[in-house]
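An overview of the molecular structure
Residue-level listing of the chains:
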Amino acid sequence: MYKNISNSQVFNTYADIYGLSLGIPQVMFNKDSHEAGDTPIINNIDSMISQAQSNTIYLSDGTVKIF
């Protein structure tokens, strides 16, 4: 679905706000914890998950919701 124009607009907004690269696949836990590309994701996903704050959603406008 990455070729969908609506998805790409949302992705570009997140990329601008959170400093993401435009690589696919992309994983983002927060502004400081994100990876792009198969190998970096595979190499870092376990530590990213263990350090992620639970019940937190990072929105495309830069705000954070904690539940």
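Just so it is clear, the model here is predicted, and its values are computed rather than measured.

Rules used in this analysis
Residues numbered from 1 in each chain as written. Predicted model: local features only at pLDDT ≥ 70, side-chain atom pairs only at ≥ 80, totals over all residues. Heavy atoms only, no water. Core = buried A, V, L, I, M, F, W, Y, C linked by side-chain atoms within 4.5 Å. Buried < 20%, exposed > 50% of the residue type's maximum accessible area, 1.4 Å probe, protein only. Helix = DSSP H or I, 4+ residues; strand = E, 2+ residues; numbered from the N terminus. Contact = heavy atoms within 4.5 Å. Phe/Tyr/Trp six-rings, centres within 6.5 Å; stacked < 30°, edge-to-face > 60°. Expected span 1.5 Å × (residues − 1). Bend = angle between axes of the 7 residues up to and from the residue. Pairing = 2+ DSSP bridges. Arc of directions from axis to C-beta. Polar contact = N/O pair within 3.5 Å; in protein donor to acceptor, adjacent residues only side chain to side chain.

Turning to the nonpolar core, a few remarks are in order. Tyr14, Ala15, Tyr18, Leu20 and Tyr58 form the largest nonpolar core, which has five residues in total. Among the elements that line this core, the one with the most residues is helix 1 (residues 5-18), at three residues. Non-local contacts of Tyr18, meaning those with residues more than four positions away in its chain, are made with Met28, Lys31, His34, Tyr58, Leu59, Gly62 and Thr63.

Another aspect to go through is the packing of aromatic side chains. Enumeration according to the criterion identifies two aromatic pairs in this entry. Ring centres of Tyr14 and Tyr18 lie 5.6 Å apart, and the angle between their planes is 25°; on these two criteria the pair is classed as stacked. Placement of the pair is Tyr14 and Tyr18 together in helix 1, with a separation of four residues, close to one helical turn. The same class applies to Tyr14 as to Tyr18, namely buried. Ring plane angle 85° and centroid distance 6.2 Å describe the contact between Tyr18 and Tyr58, whose orientation is recorded as edge-to-face. Residue Tyr18 is located in helix 1, and its partner Tyr58 is located in strand 3 (residues 56-58); the two are separated by 40 residues in the primary sequence. In this pair, the class of Tyr18 matches that of Tyr58, namely buried. An aromatic cluster of at least three residues, connected via ring pairs, comprises Tyr14, Tyr18 and Tyr58.

Looking now at helix 2 (residues 38-51). The end-to-end C-alpha distance of helix 2 is 20 Å, a good match for the 20 Å that 14 residues give at a rise of 1.5 Å each. Bending of helix 2 peaks at approximately 55° at the position of Asn44.

Moving on, we come to the pairing of strand 2 (residues 33-36). Taken together, the four bridges between strand 1 (residues 26-30) and strand 2 define a ladder with antiparallel strand orientation. Bridge pairing in strand 2 places Gln26 opposite Ala36. Counting the residues between successive antiparallel strands, the hairpin from strand 1 to strand 2 contains two residues.

Moving on, we come to helix 1. Taking 1.5 Å as the rise per residue, helix 1 with 14 residues should run 20 Å; its terminal C-alpha atoms sit 20 Å apart, in good agreement. By the burial criterion, the buried members of helix 1 are Tyr14, Ala15 and Tyr18. Buried residues along helix 1 cover an arc of 100° about the axis, so they all sit on one side. Turned more than 90 degrees away from the buried face of helix 1, the exposed residues are Ile5 and Asp16. Where the residues of helix 1 are buried, they touch strand 1, strand 2 and strand 3. The N-capping residue of helix 1, defined by a side-chain oxygen 2.8 Å from the backbone nitrogen of Ser6, is Asn4. Remark: Gly19 follows helix 1 within two positions and exhibits a positive phi of approximately 70°.

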